[in-house]
Amino acid sequence: MTRPKFEKDGQVRWLAIYLSVIMVTLITTLQGSALAKKGAAAPEKKVLTLQEIQDLVLARSPYIEIGQSEVMAAKSDLRQVESAYFPQLDATLVTGPAADADEPRVENGKIIDPSPGGIFDLGIFGRIDITISQPLYTFGKLSNRREAALRGVKAKQLGIDQKRAELIFRVKQLYYAMVLAEQGLGVADEAEGYFQDIRVRIENLMELGATHVDESDLYMIDAYSAQAKGFKAEAQKGRQVAYFALKSLMGMAASEDFTLAQESLPERQLDLQAQEEYVAKALEQRPEMKQLKQGIEAQKFLWEAAKSDLYPSFFFAVIASVAGAPGRDQFDTPYFTDEFNHEYAGFFAGLQWHFDFGIQQAKVDKERAEYSKLLNTKADAEKNIPIQVANVYQEVVQYATSVKAYEEAASASRKWVVVAFSNFDMGIGTAQRIFEAIEKYGQNRGSYIEALYNYNVGLAQLEYVVGTLAE
Amino acid sequence: MKMRLMILAVLVVFFMCGAIRSRAGAEEPTERIRAMLEEIMTIQTDPQLEGSEHREERRAAIKQIIGENIDFDAMAQIALDKQWRNLSLAQRNEFKQIFRDLFQDSYSRLVLNFIKREKVLYPKEDVRRDSATVSTVIVRANDEITVDYSLSKRATDWLVDDVKVDGVSIAGNYRNAFDRVIKKESFEALLNRMRLQQKAIAKSP
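Now for a look at the structure at hand.

Now for the overall build of chain B. Across its full length, chain B holds 6 helices and 5 strands. Mapped in sequence order, the helices and strands of chain B form the string α-α-α-α-β-β-β-β-β-α-α. When burial is assessed residue by residue, chain B has 45% of its 205 residues classed as buried. A separation of at least 24 residues holds for 55% of the contacts in chain B among residues at least 6 apart in sequence. Carbon together with sulfur atoms contributes 54% to the accessible area of chain B, which is approximately 11,100 Å² in total.

So, in C-alpha cells, the structure goes:
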C-alpha cells in the first residue's frame, strides 16, 4: 500500500530534479545570451571636436614618430662629434703560444743562448697594449662638425613642426569636408521632403481636373528627385571618405566609431592683413624656410670641416704595454724588447696628417657644391613662396566674397521658395515655379556651404603656407 | 475732502493697475509666439513622431497649433485689401472660409519643412496699443532665417495676422498675387482656383 506513495514521492523528487536542471539550464542560457548580447553591443560613438581629432592624430601619427626618430638620429650624430673632444682609449689583448727562452749568458767571451730548442718547449704568452689619445688642435675638424651637427638637430626638429602642420591641415580639410557632406545630406533630405509633398498635391489637383497642373509636372518631380538622390549619393560618398580618412589618421580600430561635435562650418570672417605681411611672415616663419636656413648653416660648417681635413691634427697620447710568458726569462735591457715578456709606458705629443693627390680637395669641392645648391634652393623658395602665399591669399579673399554673395543668393531663393509654395497652395501659382525655386535654392545653398568650406580650408591653407598653423 | 482723497486714491490705484496690466500685456506677444513655436518643436522632436512615415501626423498636429494662433479672417481681409469692400457678405464669408483652409494647410507645411530641431532666438519685440511685431531668428546649421510675426489684439488674446519670412510678407504677397488675378481675370476666377485647391487638400487632409 505504501509502494505507490513511495513511487509517487520518487516521481515528485525526480520531477523536482528535472525541473531544477531545466531551470539551471534556462538561467545559464539566458545569462549566456545576455552576456553575448552585452558583448555584441555596438561600441559607444565618440563625439569629437576638431581640436580633439587634431590632438589624437598628432599623438598617434607614425609620420610624427618618423620625425622624432630622425631627431634622435641627429642627436646621436651630435653626441658622436662632441665625444670626439675627449680622450679615446684603444686596448688590444692578445694571447698565444711562445717558445720558452732562458736568459743568455756569456761564456768565454761568447753569448750563449741556453734556451731549449725542441719543438715541445713551447709555453703561453699574454699581452695587452693600451693607447690613450687626446686631440689637441685639429684646425676646425671637430668644431665645424659639431656646429653642423647642432644645426642638423634643429633642422630635424623643425621637420617635425612641418609634419605637424601638414597633418593639422589635412585634418582640417577632412573635418570640414565631413561637415560639408553631412550638411549636403541634410539639404538632399530636405529637397526630397519638398518633392514628396508637392507630388501629392499635384496628383490630387490632376484628379480634380485642374488645368494648371499636368503629367509634365510629375515628370519634373521625378527628374528633380533623381537629381537630389544623385547629389545625396555623392554627399554620402564624401562623408564616408572623410570619415574613414579621419578614423585612419586617428588610428582608431575598425570597431570604434565617432561623430563630429559640430554640425556647422565656422562662419567667422577674419579681417585679413595686407598680403605683403603674410609673405614676410612666410619667409620668416615657415618651417621649411627655417629648416633650409639651418641646413645652409650646417652645410657651410661641413664645407669648412672638409677644408680642415686638408690640415694635420695635433694630439697627445699615452701608450702602455704589458706582456708576460711564464716559460721565458725576463731580459731587461733598453736595447731589446721581448715582445712576449715586457712592461713599459710612455706619453708623447703627435701630429697626424693625411695627404693625397686630389681626394681631399674633391671632397671640399663637393661640400662647397652642396652649399651652393642649398643657397640656390633658398633663392628659389624666396621667389616661389610669395607666389604661393599670394595665390592662397587671393583665394581666401575670393571665398570670403563668395560666402557673402551666396548667402544673399540662398536667402533670396528661400524667399522665392516661400512665395512659390504659398502661391501654389492658394491655387494661384504653378508647380514649375516651385521646382525652379527649389532648384535655385538648393544650388545657392549648396554654393554657400561650399564657399564656406573653401573659405575655412583656405584660411587653414593660408596659415599653413605662412607657417603659423602648428602654433 | 475725504471723498476727494478717496476718489484720488481710487484713480491712482486704477491707473497703476492699468500700467501694470499694460506692461504684463507687453510681454504677451513674445510669450504667445514662444509657446506656439515650442509646441511645434515638441512635435517635431518627438521620437514617436520621427521619420517620413509620421509626417502626416506631425503635419496634422502642427495644423491644429497654427489654427489656434492665427487670425485667418483678418489675414484674408488684408490679403484682399481694397477688393474686400467690393464683395458681398456671402462672398466675404466664402472667401474667408476657403482662405482659412488653404492658408492653414500651406503654413503648416511650411513650418513642417522649415522648423525642425532648430534653436529660436527672440531678438526684438515691438508692442503698440493693439498691435505687435515679434522678431524671431531660426538658427540652423550655417543658416539663420528671420521670421517676424505681426500680431493684433483680439479681445484678450494676441493672434498672428501676418508672417514675414526673410522679410517677405506672406499676407503682402497674397495681396499682390490676388490683385493681379482679380485685375487680369475676376474675383470669381480667383475663388474658383481656390475652391479647386481646397478640394485637392481635402483629398489628403
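In this section: the nonpolar core. Phe-95, Phe-99 and Phe-178 of chain B are the most contacted members of the largest nonpolar core, which totals 80 residues. Among the elements that line this core, the one with the most residues is helix H4 (residues 89-114) of chain B, at 10 residues. When residues no more than four places from it in sequence are discounted, the contact partners of Phe-95 of chain B are Ala-76, Leu-80, Trp-84, Phe-178, Phe-187, Leu-190, Leu-191 and Met-194 of chain B. Core analysis: the next-biggest nonpolar cluster, separate from the first, contains 59 residues, Tyr-175, Tyr-393, Val-457 and Val-466 of chain A among them.

With 34 residues of chain B in contact, the opposing surface of chain A contributes 35 residues. Together chain B and chain A conceal approximately 3,000 Å² of surface at their shared face, both sides included; 57% is due to carbon and sulfur atoms. With a shortest N-O distance of 2.3 Å, Arg-109 of chain B and Asp-197 of chain A are connected by a salt bridge. Listed by contribution, the elements that provide at least two residues to the side of chain B that touches chain A are H4, strand S3 (143-154), helix H5 (170-184) and helix H6 (187-203) of chain B. The residue makeup of the side of chain B that touches chain A, split by class, is 18 nonpolar, 6 polar and 10 charged.

Considering all chains together, one arrives at 26 aromatic pairs over all chains under this definition. Ring plane angle 15° and centroid distance 4.9 Å describe the contact between Tyr-243 of chain A and Phe-258 of chain A, whose orientation is recorded as stacked. Residue Tyr-243 of chain A is found in helix H5 (residues 215-250), and its partner Phe-258 of chain A is found in strand S6 (residues 257-260); the two are separated by 15 residues along the sequence. Accessibility assignment for this pair places Tyr-243 of chain A and Phe-258 of chain A in one class, buried. Taking the centre distance of 5.5 Å and the plane angle of 15° together, the rings of Phe-103 of chain B and Tyr-107 of chain B count as stacked. You can see Phe-103 of chain B and its partner Tyr-107 of chain B sitting in helix H4, 4 residues apart, about one turn around the helix. Ring pairs connect the aromatic residues Phe-72, Phe-95, Phe-99, Phe-103, Tyr-107, Tyr-174, Phe-178 and Phe-187 of chain B, which therefore count as one cluster. Directly above the aromatic system of Trp-303 of chain A lies the positively charged group of Lys-307 of chain A, at a separation of 4.5 Å from the ring centroid.

Considering all chains together, one arrives at 2 cavities of 30 Å³ or more under this definition. Of the pockets and cavities examined, the largest cavity occupies roughly 100 Å³. Forming the walls of the largest cavity are Arg-414 of chain A together with Tyr-107, Leu-110, Val-111, Phe-114, Ile-115, Ile-138, Ile-145, Val-147, Tyr-149 and Val-165 of chain B. Among the secondary structure elements, those contributing two or more residues to the lining of the largest cavity are H4 and S3 of chain B. Sorting elements by how many residues they give to the lining of the largest cavity places H4 of chain B first, with 4 residues.

A pair of packed helices is captured by two measures, namely the crossing angle of their axes and the spacing between those axes. At a minimum axis separation of 11 Å, helix H4 (residues 141-207) of chain A and H4 of chain B run at an interaxial angle of 160°. With respect to H4 of chain B, the axis of H4 of chain A lies roughly antiparallel. Between H4 of chain A and H4 of chain B lies a crossing of right-handed hand. Facing H4 of chain A, whose interface residues are Tyr-194, Asp-197 and Arg-201 of chain A, H4 of chain B presents Arg-109, Asn-113 and Phe-114 of chain B. Here the residues of the contact of H4 of chain A with H4 of chain B are counted per class, giving 2 nonpolar, 1 polar and 3 charged.

Approximately 1,200 Å³ is the volume attributed to the largest pocket. Lining the largest pocket are 31 residues, with Gly-186, Asp-189 and Glu-190 of chain A together with Lys-116 and Arg-140 of chain B sitting closest to its centre. For the lining of the largest pocket, the secondary-structure elements that each account for two or more residues are H4 and helix H9 (431-466) of chain A together with helix H2 (55-69), H4 and strand S2 (131-140) of chain B. For the lining of the largest pocket, the element with the most residues is H4 of chain A, which contributes 10 residues. Taken together, the residues of the lining of the largest pocket sort by class into 7 nonpolar, 9 polar and 15 charged.

Our next topic: a negative patch on the surface. Side chains of Asp-102, Glu-103, Asp-113, Asp-329, Asp-332 and Glu-343 of chain A sit close together on the surface and give a patch of like negative charge. Position of Glu-343 of chain A among the secondary structure elements: in strand S8 (residues 342-352).

Once that is clear, we can look at the sheet that holds strand S4 (residues 157-165) of chain B. Residues and elements named next belong to chain B. The 5 strands are arranged S1-S2-S3-S4-S5 in an open sheet whose pairing can be described as antiparallel. On the outer flanks of this sheet lie strand S1 (119-127) and strand S5 (168-169), each paired with one strand and no other. Two strands pair when backbone bridges link them, and S4 and S5 are joined in this way by 2 bridges, in the antiparallel orientation. Note on S5: the bridge partner recorded for Val-165 is Val-168.

Thresholds applied
- Each chain carries its own residue numbering, running from 1 in the direction its sequence is written.
- Labels follow written order: the first chain is A, the first ligand is 1, and so on.
- Local features in this predicted model are restricted to residues of pLDDT 70 or higher, and side-chain atom pairs are both shown and tallied only at a pLDDT of 80 or more, whereas totals for entire chains, interfaces and linings draw on every residue.
- By convention in this description, side-chain values take in all heavy atoms of the structure and omit both hydrogens and water.
- Secondary structure elements are taken from DSSP: a helix is a run of H or I of four residues or more, a strand is a run of E of two residues or more, and numbering for both begins at the N terminus.
- Three labels apply to residues, based on accessible area from a 1.4 Å probe with only protein chains included: buried if under 20% of the type maximum, exposed if over 50%, partly exposed otherwise in between.
- Throughout, a residue-residue contact means that at least one pair of heavy atoms, one from each residue, lies within 4.5 Å.
- The protein chains shown are the only cover counted for residues, whose accessible areas, like all others here, come from Shrake-Rupley with a 1.4 Å probe.
- Working definition of a nonpolar core: buried Ala, Val, Leu, Ile, Met, Phe, Trp, Tyr and Cys residues. They are joined through side-chain atoms within 4.5 Å.
- When two parts are put together, the accessible area they lose, computed with a 1.4 Å probe and summed over both, is reported as buried area.
- In the sections that follow, a salt bridge refers to a side-chain nitrogen of Lys or Arg positioned within 4 Å of a carboxyl oxygen of Asp or Glu.
- Under the scheme applied here, ten amino acids are nonpolar (Ala, Val, Leu, Ile, Met, Phe, Trp, Tyr, Cys and Pro), four are charged (Asp, Glu, Lys and Arg), and all others, including Gly, are polar.
- Ring pairs shown here join Phe, Tyr and Trp side chains whose ring centres sit within 6.5 Å, with only the six-membered ring taken for Trp; geometry is labelled stacked below 30 degrees between planes, edge-to-face above 60, and tilted in between.
- Only when the NZ atom of a Lys or the CZ atom of an Arg is both within 6 Å of the ring centre and within 35 degrees of the ring normal do we say a charge sits over the ring.
- Put plainly, a pocket is an open set of points on a 1 Å grid over the protein atoms alone with protein on both sides within 12 Å along at least five of seven lines, a cavity is a set where a 1.4 Å probe fits but cannot get out, and a lining residue has an atom within 4 Å of a point.
- Grid points are joined across faces, edges and corners, and a volume is the space filled by probe spheres set on the points.
- Think of each axis as a best-fit line through the C-alpha atoms, taken over the contacting stretch in the case of a helix, with angles from 0 to 180 degrees between the N-to-C directions.
- Note that the term roughly parallel is reserved for angles under 35 degrees, roughly antiparallel for angles over 145, roughly perpendicular for angles of 65 to 115, and oblique for everything else.
- Note on convention: the crossing is left-handed when the near helix lies turned anticlockwise from the far helix by less than a right angle, right-handed when the turn is clockwise.
- A residue counts toward a patch only above 30% relative accessible area and without a salt bridge, and it is joined to like-charged neighbours within 9 Å or, for Val, Leu, Ile, Met, Phe, Trp and Tyr, to nonpolar neighbours within 5 Å.
- Under this rule, positive means Lys or Arg and negative means Asp or Glu; His and the chain ends count for nothing.
- Where a charge lies is defined by one atom per residue type, namely NZ (Lys), CZ (Arg), CG (Asp) and CD (Glu).
- The rule for pairing is simple: two strands pair if DSSP sees at least two bridges between them.

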